[in-house]
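Breakdown of the fold
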Amino acid sequence: MTDPHPMLAVAAEVAEALASGAPVVALESTIISHGMPYPKNVQTAREVEQIIRDGGAVPATVAVLHGVPRIGLDDAELDLLGSDPHVRKVSIRDLPHVVARGEHGATTVASTMRLAALAGIRVFVTGGLGGVHRGGELSMDVSADLTELSLTDVAVVSAGVKSLLDIGRTLEVLETLGVPVVTIGSDDFPSFYSRSSGFASPLRLDEPAEVAAAMRAKWGLGIAGGMVVANPIPLADEIPEAEISLLITRAVNEAEEKGITGAAITPFLLGRIVELSDGESLRANIALVKNNAALGARIAVAYAGS
Ligand code: PSU
Ligand code: MN
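Conventions used here
- Residues numbered from 1 in each chain as written.
- Chains lettered and ligands numbered in written order.
- Predicted model: local features only at pLDDT ≥ 70, side-chain atom pairs only at ≥ 80, totals over all residues.
- Heavy atoms only, no water.
- Helix = DSSP H or I, 4+ residues; strand = E, 2+ residues; numbered from the N terminus.
- Rg over C-alpha atoms; globule rule 2.2 N^0.38 Å.
- Buried < 20%, exposed > 50% of the residue type's maximum accessible area, 1.4 Å probe, protein only.
- Contact = heavy atoms within 4.5 Å.
- Areas by Shrake-Rupley, 256 points an atom, 1.4 Å probe, with all protein chains shown as cover.
- Phe/Tyr/Trp six-rings, centres within 6.5 Å; stacked < 30°, edge-to-face > 60°.
- Polar contact = N/O pair within 3.5 Å; in protein donor to acceptor, adjacent residues only side chain to side chain.
- Near = heavy atom within 4 Å.
- Nonpolar A, V, L, I, M, F, W, Y, C, P; charged D, E, K, R; others polar.
- Salt bridge = Lys/Arg side-chain N within 4 Å of Asp/Glu carboxyl O.

Turning to the overall build of the protein chain, a few remarks are in order. Along the backbone of the protein chain there are 13 helices and eleven strands. Computed over the C-alpha atoms, the radius of gyration of the protein chain is 18 Å, within 12% of the 19 Å expected from 2.2 N^0.38 for a compact globule of 306 residues. Summarising its shape, the C-alpha atoms of the protein chain cover approximately 50 × 40 × 35 Å along the three principal directions. Out of the 306 residues belonging to the protein chain, those deemed buried represent 54%. In the protein chain, the proportion of contacts linking residues at least 24 apart, taken out of those at least 6 apart, comes to 72%. About 12,400 Å² of surface is accessible on the protein chain, with carbon and sulfur atoms providing 55% of the total.

Moving on to the packing of aromatic side chains. Considering all chains together, one arrives at two aromatic pairs under this definition. Look at Phe192 and Tyr193: their rings are 4.8 Å apart centre to centre, the planes differ by 85°, and that puts the pair in the edge-to-face class. Phe192 gets classed as buried once you look at its relative accessible area, which sits at 1%. Owing to a relative accessible area of 2%, Tyr193 belongs among the buried residues under this scheme. Centroid distance Trp219 to Tyr303: 6.1 Å. Interplanar angle 85°. Geometry classified as edge-to-face. Here Trp219, found in helix α10 (residues 208–220), pairs with Tyr303, found in helix α13 (residues 280–305); they are 84 residues apart in sequence, far enough to count as distant.

On the secondary structure map, Ser33 appears in helix α2 (residues 30–33). In this structure the side chain of Ser33 is engaged in a polar contact, spanning 2.5 Å, whose partner is the side chain of His34. When neighbours within four sequence positions are excluded, Ser33 is seen to be in contact with Leu81, Val87 and Ala106.

Close to ligand 1 lie 14 residues, the nearest being Glu28, Lys89, Ser143, Asp145 and Lys162. Between ligand 1 and Val109 there is a distance of 2.8 Å, counted from an oxygen atom to a backbone nitrogen or oxygen. At 2.7 Å, a side-chain N or O of Asp145 approaches an oxygen atom of ligand 1. At the level of secondary structure, the elements contributing two or more residues to the shell around ligand 1 comprise α2 and α12 (265–276). Of the residues that constitute the shell around ligand 1, the class distribution is four nonpolar, six polar and four charged.

Within helix α6 (residues 109–119), eight of the eleven residues are buried, leaving the element largely enclosed by the surrounding structure. Where α6 is concerned, the buried positions are Val109, Ala110, Ser111, Thr112, Met113, Leu115, Ala116 and Ala119. In the segment just after α6, Gly120 is the residue with positive phi, at about 95°.

This part covers the side chain of Ser29. Within the secondary structure, Ser29 sits in the loop between β2 (24–27) and α2. Engagement of the side chain of Ser29 in a polar contact is seen with the backbone oxygen of Val62, the distance being 2.5 Å. A distance of 2.8 Å separates a polar side-chain atom of Ser29 from the backbone nitrogen of Thr107. Leaving out residues up to four positions away in the same chain, Ser29 has contacts with Val62, Ala63, Leu81, Gly105, Ala106, Thr107 and Thr112.

What follows concerns the pattern of salt bridges. Tallied over the full model, the rule gives 19 salt bridges. In this structure, Glu137 and Arg169 form a salt bridge, with 3.7 Å as the shortest nitrogen-oxygen distance. Note that Glu137 is positioned in helix α7 (residues 136–139) and Arg169 in helix α9 (residues 167–176), a separation of 32 residues in sequence. Residue classification places Glu137 among the partly exposed residues on the basis of a relative accessible area of 45%. Shared partners join several salt bridges into a network, and the residues in it are Arg250, Glu254, Arg272 and Glu275.

Here you go:
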């Protein structure tokens, strides 16, 4: 079987599924290497893959290993990614550099979207999207995830946008970029740890088949770019906004005091929030990623059958 793109290494199982039109769900790897501590990260990554299989789709975790973009990782590769401190966080701008130098890289939402699309995958599951950082109107710290959503035809399932970002401005930028933002089963746009963000969701759909139909309609009309599919964290797992926002603000202030900026800021904040919440945020993070995996598999199955 030939790979769908000469620069990608596609796992056999993923290549077979893609060749036969069977459902495939891409997964990012920054969440593994820079979003959760070892070994919970690797354990979660494996469980998430299993949930996708149980949902009738083939999981394809995306990362760069020895400079080669990989679509689908085996157990040893997942472990390396989750435990090796030299794995770089790789967004779009870093991708050529890490490939040319033969290094290991964990892909963000932006670079995972791009590599998934090169492989022919249309559905991708993550935890939270990048966006406009608080103060972004001055610092201009706006995640390349948003740019990528305007360019690349992949539906991205997430639990919304963390309130460590500026959620209102993130939604505004997505509107400007022409990216549909659809919340599943709710009128409120979710904020990762909480089911609500205080912002109305621009669009709402209730069923995976409806999301698949919206994907077909968008790309059928030649409207390039992705779609944000926001999936609120299950009620039993949510951390109320009032509770988490204190910790988030504390972490944001610490980042400012320490002068942490750029690509390092999101990993720093995620790590600090886990510490400040005594692991409570990690528990919620794992629960919402699993919830997203189950939804993503259903969307991929519906899309493959439509
Ligand atoms: N938000 C989370 N967890 C994460 C990330 C964001 O709740 O792991 C990661 C994702 O990989 C996302 C990236 O694409 O951080 C955004 O980083 P930046 O803001 O540097 O683009
Ligand atoms: Mn940034």
